[in-house]
Amino acid sequence: MDVAITATIVMVVALVIILLMGAPIAVAIGMSSAMAMVVILPTNVALVTCAQKMFTGLNSFPLLAIPFFVLAGNLMNNGGIAIRIIRLAEALCGRLPGALAESNVLANMFFGAISGSGNAAAAAMGGTIGPIEAERGYSKEFSAAVNIASAPTGMLIPPSNALIVFSTVGGSISVAALFMGGYIPGILWGLAVMIVAGYMAKKRGYINTNHVDAATKVKYFVDAIPSLFLIVIIIGGILSGIFTATEASGVAVAYALILGFIYKSIKARDLPKIILDSARTTVIIVFLIGVSSIMSWIMAYTEIPTIISNAMLSLTNSKVITLLIINLVLLFVGTFMDPTPAILIFTPIFLPICTGFGMSSLQFGIMIVYNLCIGAITPPVGSVLFTGCKVGKVTIEQVIKTLLPFFVAIILVLMIVTYVPAVSEFLPRLNGYI
């Protein structure tokens, strides 16, 4: 049997068996890739090559942004920012049906644009606004569903760790271009959730009776300006060329820390725990990237992407149908795999197919991240789904029925992102990135 075929079989079978044994995805990828490498090369050379590929995969300046953005997100989550953003969001939503639910969506978009984490947004906003919604008669299932459905906007609206990860495997596309490309899809996701939430709230009779006067609205806006100004600093600094996306992550940490001290929500004694939590999250992401670099090399050697591409193109030559199939695969993958490993594994497989149909690497990057964001709120493994249920004090079984209309709206936006390039490319082109 050909060495490449043998290595492919060994890698796939080992990966499935190790996952079924309950091992973490990073361990499964690393061990199965190492086994396949031993098939290709002598054992001593294979082990050295594995280490070399891990180092090469991690030796990337853009990847330095990940630990800093993770730390910045944790500082913001503990820094008194959530309640200020919620107050502003509620004031902006005014007399809309289900204004509290609408403000939850808006707050998740704001907080996501600051922290870059769907889980952080779900925890911070759900934990803060959930009890207020309960006091005003909102059902737990509805409140949790709105929070869960809108939290992943932070993984699209920059800064986004998922987009940074994609930049390492997506070719020459810059992080700044991907950040610009994520804005409109992320906002469209949020607006779709707001429309559904407003319709459901009106049917359920969730009418806002807590009107905020003009003076209070101004106060809430002024209170939130320092938090929201971080968006201006990060994106403005990148676009103006003052600093790169990686350097912006360091600025975000410094700003979030200063803001936490000013708000007196972070004390010096809190820092070791915040830093340790950030380190734990970063280690998981970085290890995944390292072991996935071994798998990527093996896939290139065994020509797995080419084989899959030829197989898909033999089924149909239609761009519309092929992209639909890719979306279905990614939606399925997202139900049991976190975004980081999924991006690292499936980008080399699907990117050549999509670019062959004329799709830009940038549009594909937004499309794959959007798909995997949906996976983050989908059973059985959706991390944002579990976080939202935990802070909302509901079970997945209780909330899933209420979530279904939101899934429909979000997937409709996915189709727009997939088939309308301007949605992802307008802002990057406007700013001269493409």
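Not measured: the values here are computed from a predicted model.

Draft legend 1. Region of interest: the overall build of the protein. Within the protein, the secondary structure is distributed over 20 helices and zero strands. Against the compact-globule benchmark of 22 Å for 434 residues, the protein has a radius of gyration of 22 Å, which places it among compact chains. Each principal axis of the C-alpha atoms in the protein carries an extent, and together these give about 75 × 50 × 45 Å. Scored against the burial criterion, the 434 residues of the protein give a buried share of 54%. For the protein, contacts bridging at least 24 residues in sequence account for 80% of all contacts bridging at least 6. Of the charged side chains in the protein, 21 are positive and 15 negative; the average position of the first set lies 8 Å away from that of the second.

Draft legend 2. Spotlight on the pattern of salt bridges. If you walk through the whole model with that rule in mind, you get four salt bridges. For Asp223, the salt bridge goes to Lys219, with nearest N and O atoms at 3.1 Å. In this pair, Asp223 and Lys219 both sit in helix α11 (residues 214-240), four residues apart, roughly one turn of the helix. Overall, Lys219 belongs to the partly exposed group, its relative accessible area being 46%.

Draft legend 3. Molecular detail of the packing of aromatic side chains. Overall, the coordinates contain five aromatic pairs when judged by the stated rule. Ring centres of Trp297 and Tyr301 lie 5.6 Å apart, and the angle between their planes is 15°; this geometry places the pair in the stacked category. Of the two residues, Trp297 and Tyr301 are both situated in helix α13 (residues 271-302); the distance of four residues between them amounts to about one turn of the helix.

Draft legend 4. Structural context of the side chain of Ser424. Residue placement: Ser424 occurs in helix α20 (residues 421-430). Once residues within four sequence positions are removed from consideration, Ser424 is found in contact with Gly181, Pro185, Leu362, Gln363, Ile366 and Val417.

Draft legend 5. Region of interest: the packing of helix α15 (residues 319-334) against helix α16 (residues 339-356). At their nearest, the axes of α15 and α16 sit 12 Å apart, and the two run at 175° to each other. Judged by the inter-axis angle, α15 sits roughly antiparallel to α16. Contacts between α15 and α16 involve Thr322, Leu323, Ile326, Val329, Leu330 and Val333 from the first element and Ala342, Phe346, Phe350, Ile353 and Cys354 from the second. Counted by class, the contact of α15 with α16 contains ten nonpolar, one polar and no charged residues.

Draft legend 6. Molecular detail of the nonpolar core. Counting 152 residues, the largest nonpolar core has Phe346 and Phe406 as the members making the most contacts within it. Top element by residues in this core is helix α10 (residues 175-204). It accounts for 15 residues. The contact partners of Phe406, leaving out residues within four places of it in the chain, are Ala145, Val146, Ala149, Val193, Val196, Ala197 and Met200.

Draft legend 7. Spatial organisation of a nonpolar patch on the surface. Together, Val218, Phe221, Val222, Ile225, Phe229 and Val232 make up an exposed nonpolar region whose accessible area comes to about 530 Å². Tracing the chain through its elements places Phe229 in helix α11.

Draft legend 8. Summary view of the environment of Ala113. Relative to the helices and strands, Ala113 is located in helix α6 (residues 99-115). Sequence-wise, Ala113 and Val169 are 56 residues apart; in three dimensions their C-alpha atoms are separated by 23 Å.

Draft legend 9. The arrangement of unusual backbone geometry in detail. Backbone geometry places Lys393, a non-glycine residue, at a positive phi of 55°. You can see Lys393 is positioned in the loop between α18 (383-392) and α19 (396-419). You can call Lys393 exposed: its relative accessible area is 65%.

Draft legend 10. Spotlight on the environment of Ala151. Structurally, Ala151 can be placed in the loop between α8 (140-150) and α9 (161-169). Separated by 44 residues in the primary sequence, Ala151 and Ala107 place their C-alpha atoms 9.1 Å from one another. The residues touching Ala151, leaving out its near neighbours within four places in the chain, are Asn108, Gly118, Ala121, Ala122 and Val384.

Draft legend 11. The arrangement of helix α1 (residues 3-20) in detail. Here α1 spans 26 Å end to end across 18 residues, near enough to the 26 Å set by a 1.5 Å rise per residue. Against the buried residues of α1 lie α2 (25-40), α13 and α14 (304-315). Of the residues trailing α1, Gly22 is marked for its positive phi of about 95°.

Draft legend 12. Structural context of the environment of Gly250. For Gly250, the position within the fold is in helix α12 (residues 245-262). On the accessibility criterion, Gly250 (25% relative accessible area) is partly exposed. Sequence spacing of Gly250 and Phe68 is 182 residues, and the spatial spacing of their C-alpha atoms is 5.8 Å.

Draft legend 13. Representation of the side chain of Ser139 within the structure. Position of Ser139 relative to the elements: it lies in the loop between α7 (118-135) and α8. Discounting chain neighbours no more than four positions away, the residues touching Ser139 are Arg204 and Tyr206.

Calculation criteria
- Throughout, a residue's number is its position along its own chain's written sequence, starting from 1.
- In view of the model being predicted, local features appear only for residues whose pLDDT reaches at least 70, and side-chain atom pairs are presented and counted only at 80 or more, with totals across whole chains, interfaces and linings using the full set of residues.
- Note: side-chain values were computed over all heavy atoms of the structure, leaving out hydrogens and water.
- Every helix listed is a DSSP run of H or I at least four residues long, and every strand listed is a run of E at least two residues long, numbered separately from the N terminus.
- All radius of gyration figures rest on C-alpha atoms, and the globule criterion is 2.2 Å times the number of residues raised to 0.38.
- Only protein chains enter the area calculation, which uses a 1.4 Å probe; residues under 20% of their type maximum are buried, those over 50% are exposed, and those in between are partly exposed.
- Should any heavy atoms of two residues lie within 4.5 Å, those residues are counted as being in contact.
- Positive charge is attributed to Lys and Arg, negative charge to Asp and Glu, and no charge count is given to His or to the chain ends.
- Note on charges: their place is set at NZ of Lys, CZ of Arg, CG of Asp or CD of Glu.
- Throughout this description, the term salt bridge denotes a Lys or Arg side-chain nitrogen within 4 Å of a carboxyl oxygen of Asp or Glu.
- Two aromatic rings, drawn from Phe, Tyr or Trp (for Trp, its six-membered ring), form a pair once their centres lie within 6.5 Å of each other, and the interplanar angle then sorts them: stacked below 30 degrees, edge-to-face above 60, tilted otherwise.
- Between the N-to-C directions of two axes lies an angle of 0 to 180 degrees, each axis being a line fitted to C-alpha atoms and, for a helix, fitted only over the stretch in contact.
- Orientation categories follow fixed angle ranges, with anything under 35 degrees roughly parallel, anything over 145 roughly antiparallel, 65 to 115 roughly perpendicular, and all other angles oblique.
- Only Asp, Glu, Lys and Arg are considered charged in this grouping, and only Ala, Val, Leu, Ile, Met, Phe, Trp, Tyr, Cys and Pro are considered nonpolar; every other residue, Gly among them, is considered polar.
- Definition used in this section: a nonpolar core is a set of buried Ala, Val, Leu, Ile, Met, Phe, Trp, Tyr and Cys residues joined via side-chain atoms within 4.5 Å.
- Only residues whose relative accessible area exceeds 30% and that form no salt bridge are eligible for patches; like-charged ones are grouped when within 9 Å, while nonpolar side chains (Val, Leu, Ile, Met, Phe, Trp, Tyr) are grouped when within 5 Å.
- Areas reported here follow the Shrake-Rupley algorithm with a probe of radius 1.4 Å; residue values treat only the protein chains shown as occluding.
- To estimate how far a helix should extend, the number of its residues minus one is multiplied by 1.5 Å.

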